[in-house]
Structures are given as structure tokens and as C-alpha cells.
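What follows is each chain in one-letter form.
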Amino acid sequence: MTASAYRDHLGRPIVAVTGMGIITSLGQGLSDNWAALSSGTSGIHEINRFPTEGLSTRIAGTVDFIGIPVPNAVERSYAFARETTIEALANAGLSGDFNGPLFLAAPPIEPEWSARFELADRSPASDHPGDAYERFLTALRQRPDPAFHEAALFGAISERLADRFGTRGLPVTLSTACASGVTAIQLGIEAIRQGRTTRALTVATDGSLSAEALIRFSLLSALSTQNDPPTKASKPFSKDRDGFVIAEGAATLVLESLEAAVARGAKVLGIMKGAGDKADSFHRTRSSPDGGPAIATIRAALADAGIDESGIGYINAHGTSTPENDKMEYGAMSAVFGERLVGIPVSSNKSMIGHTLTAAGAVEAVFSLQTMLTGTLPPTINYTNPDPSIVLDVVPNKKREAQVSAVLSNSFGFGGQNASLVMALEPA
């Protein structure tokens with residue numbers, strides 16, 4: 001191949017995906033996840049990690065089949081990330097030190113209430129009993145608690161991954177709400193395009209599901225309360241949708257410059273053609289109802305990829321199943337694709353795996369690439385009562401065989417953190 005064959009429309013190194021790993025409520029590993037997802041299987045179930053009596057939402061997509069030494073969100077998130085990275089590196093045919101940067105999307109973890117209560121029980125009496133923070137600090141000074149300390153350090157996840165897999169430089173930990181997974185991938189893309197590295201490890205993980213997280217999202221009226229049966233609760237773009245189903249998971253993608261991948265004889269799984277992101281200052285949690293920032297995000301991703309709307313053959317929607325967000329996303333897609341939108345298959349993985357929050361963008365990037373590799377469009381399940389105001393081909397309830405060469409994947413997060421990816425099978 002000529003040197004120009006390794007450059008994109010702007011003269012930047014083309015970024016290839018050479019390895020993928022994934023964990024969701026459907027199982028561990030790409031093979032099991034794809035088999036379940038493409039068959040329309042749901043991973044949503046009743047919560048058994050903590051008591052749910054009295055809670056309006058009692059279902060989730062927890063991942064309870066990965067062993068962890070201590071039951072906290074840091075250990076869960078690290079374990080998920082470790083396992084998906086092991087799979088992705090094996091998939092890429094890489095061993096030994098990775099020797100490239102690590103970009104990790106991790107949840108903004110806080111100590112769980114059980115740990116806080118335990119600390120409070122041994123906190124000394126205070127002249128200022130309302131100052132819980134000072135009491136906690138005093139207790140930790142008197143008797144250091146490494147386990148509690150570790151459980152509060154979400155940045156420790158990337159440090160442990162860097163040590164385990166031999167990444168280069170300071171590992172980056174980021175959190176941009178539900179767009180985090182795409183943001184991590186975008187940082188990896190830019191590092192390669194700028195010539196700072198020929199490979200990057202991009203990881204997104206979320207094992208933060210706890211009673212407190214469930215209650216907080218419930219107070220925002222964001223969660224589905226359709227608990228029975230759990231598998232029917234997540235219904236993106238349906239008229240009777242009432243909220244998202246919270247879930248856990250992780251995904252790792254190995255990114256390399258196409259030139260470096262070809263030089264080492266790696267199998268190229270797909271191309272990261274474009275990425276776009278826009279911030280939305282409308283509200284602390286809600287996205288702008290007019291979809292302006294989401295529209296700008298999609299257009300930025302298409303422009304970065306060097307293609308127009310006609311080049312997209314499938315859309316992996318953010319598709320949370322919340323009344324407001326689904327409506328906003330539909331409006332944004334309509335503004336970008338116009339009348340052509342009704343002919344583009346648009347499905348939501350979240351109908352089966354729930355919303356994996358910090359991990360969602362990377363999880364859905366893996367599924368988007370797999371869609372192109374297999375020629376199978378995964379369905380949007382539970383689509384029995386269409387919303388007449390949202391006219392989409394959601395690949396209802398059953399998978400569809402169709403070969404597409406370019407996919408758009410959207411991640412529109414809380415607080416207006418918006419990011420989109422354009423992926424393709426081969427470079428232009």
C-alpha cells in the first residue's frame with residue numbers, strides 16, 4: 001500500500017480497531033454477548049445485590065458473575081475492565097507490555113453507604129456533631145483504613161490497569177456521564193492522529209450500581225418502574241416507555257494506526273472514521289429538548305469522518321427508553337438525516353442490556369463494529385406499542401440480516417455531554 005492509503009481525507013493517520021472485549025449483563029466475552037444480543041435476549045433481572053423492598057425500581061442489568069475481593073464499585077469496575085482488556089489484547093494478537101497510552105472512562109465513584117456507616121460508628125464524639133466530614137477524617141487518622149480509601153479512589157482503576165498491562169505514560173481517567181465511553185475512544189483516536197502514538201488502549205467500565213445510585217436516579221424520575229417482568233421494562237421509542245434500566249458492564253477497544261496494524265499483520269476489525277462532541281449547558285441533568293447540541297454532535301462526527309448523511313447505513317441509537325431523551329434523539333436524527341431517516345435502520349442495544357452509563361458508548365461501539373462484521377442488525381426488543389410521534393425503523397423485536405459499511409453510534413449523556421462515533425469496515 002502507498003503512504004497515502006494510510007491517511008484520511010485530512011491527511012491524518014487512519015485509525016483501525018484491532019481488538020475488542022466486552023462484558024454486559026448478557027455475559028462475558030464478545031461471542032456470548034453477540035449471540036444473546038442478536039437473538040433478542042434480555043439481560044435485565046431482579047436485583048439481588050442489596051434489598052429493594054420499598055423501592056420503586058427493583059430491576060437492573062447487574063453483572064454478578066465476575067469475582068471480586070471486596071464488594072465495592074472500584075473493585076467491580078476494575079475487574080470488568082481487566083477482563084475486557086485481557087480479551088481485547090488477545091483478540092488483537094498482542095502480548096507483553098502494551099507500550100501505548102491508556103484512556104479509561106470510569107464512574108465517579110463514592111464510598112457506599114454501608115462503608116460510611118461503618119466509619120461513622122467508629123468516629124469519635126465531636127464538639128461539632130454535624131461536621132461528619134471532620135469526624136470521618138479524625139477516625140481515619142486514628143486508624144487508617146486502606147480498603148475504604150481504595151473504594152473512594154476511582155482514579156486507582158486506571159493505575160492498576162496501567163501496571164497490569166504495561167501501558168505508557170500517565171493513564172487518563174475521565175468521566176463525561178453517559179458519553180464517557182465515546183470520549184475515551186475519541187482521546188485514543190486523537191492521540192494516534194496527532195502522531196503521539198501508534199496504538200492506544202481505550203477502556204470504559206461501570207460497576208457502580210448500588211442502592212444509593214438506584215435511589216438517586218429514581219429521585220430524578222429517570223428509571224423505569226415497570227418491574228414485572230424485568231425483561232420487558234426497557235422499551236426505547238415505544239409509546240409506553242417510562243425510563244431507562246440501570247446496568248453495568250465494560251468494553252475495551254485496541255486502537256492502532258492502520259499503517260502500524262498492517263505492518264504487524266494484525267486483523268483489522270473496523271475503522272474509526274470520525275468522532276464529534278458538543279457540550280450542552282441547558283440543565284445539570286437534562287439535555288436541551290430542541291436537540292441543538294445533539295444535532296451539532298452528529299454533524300461534527302460526519303464532518304470529521306469526511307462523509308455526508310448518505311454514507312450512514314445504520315444507527316446505533318443512544319435509545320435510553322426515557323420519554324424525553326428518546327424524543328430529543330429522534331428530533332436530532334430527523335434534523336440531520338431528513339426524509340432519509342425512515343429508511344435507515346436504527347436500533348437500541350439498551351433494550352436488552354440496559355443503560356451501562358459510563359461504559360455505554362464503548363459497549364455500543366463494540367456492538368456497532370460487530371454489526372458490520374457479521375452483517376446482522378440487532379433488534380430493538382419490547383417494541384409492541386410504537387410511539388406515533390417517533391417514526392423510525394427500529395429493527396423491531398427480531399434481528400435483520402443486512403450488510404452495512406458505515407455506522408453512526410450516539411451517546412447523549414446527562415448534563416448535555418454529547419458524543420457520536422462514525423465507524424466503517426474499511427478506509428475510503
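Not measured: the values here are computed from a predicted model.

S.K.: Tell me about the environment of Val336, and please be specific about residues and values.
M.R.: Structurally, Val336 is set in helix H11 (residues 323–337). Here Val336 falls in the buried class, since its relative accessible area comes to 7%. With 123 residues separating them along the chain, Val336 and Ala213 place their C-alpha atoms 34 Å apart. Beyond its immediate stretch of four places on either side in the chain, Val336 contacts Ile295, Ile298, Arg299, Leu302 and Glu309.

S.K.: Residues and numbers for the pattern of salt bridges, please.
M.R.: Here the structure, examined in full by the defined rule, presents 15 salt bridges. Between Asp8 and Arg12 there is a salt bridge, with its nearest N and O atoms 2.8 Å apart. The same class applies to Asp8 as to Arg12, namely buried. Across the pair Glu364 and Lys350 runs a salt bridge, and its minimum N-O distance is 2.7 Å. Placement of Glu364 in helix H13 (residues 360–374) and of Lys350 in helix H12 (residues 350–353) is noted, with a sequence separation of 14 residues between them. Each member of the pair, Glu364 together with Lys350, is buried. Each of Asp8, Arg12, Glu190, Arg193 and Asp304 takes part in salt bridges that share partners, so that together they form one network.

S.K.: Describe unusual backbone geometry, and please don't skip the residues or the numbers.
M.R.: Cis geometry marks the peptide bond from Asp228 to Pro229, where omega comes out at -5°. By secondary structure assignment, the location of Pro229 is in the loop between helix H8 (211–219) and strand E8 (249–257). One non-glycine residue, Ala177, lies in positive phi territory at about 55°. On the basis of relative accessibility, which here comes to 27%, the residue Ala177 falls in the partly exposed class.

S.K.: Quick rundown of the packing of aromatic side chains? Include the residues and the values.
M.R.: On inspection of all chains with the given rule, the structure shows 2 aromatic pairs. An angle of 40° between the planes, with centres 6.2 Å apart, marks the rings of Trp34 and Phe367 as tilted. Here Trp34 is found in helix H1 (residues 30–38), whereas its partner Phe367 is found in helix H13, with 333 residues between them in sequence. Consider the rings of Phe217 and Phe244, whose centres lie 5.4 Å apart with planes at 80°: the pair is edge-to-face.

Cut-offs and rules
Residues numbered from 1 in each chain as written. Predicted model: local features only at pLDDT ≥ 70, side-chain atom pairs only at ≥ 80, totals over all residues. Heavy atoms only, no water. Helix = DSSP H or I, 4+ residues; strand = E, 2+ residues; numbered from the N terminus. Buried < 20%, exposed > 50% of the residue type's maximum accessible area, 1.4 Å probe, protein only. Contact = heavy atoms within 4.5 Å. Salt bridge = Lys/Arg side-chain N within 4 Å of Asp/Glu carboxyl O. Phe/Tyr/Trp six-rings, centres within 6.5 Å; stacked < 30°, edge-to-face > 60°.

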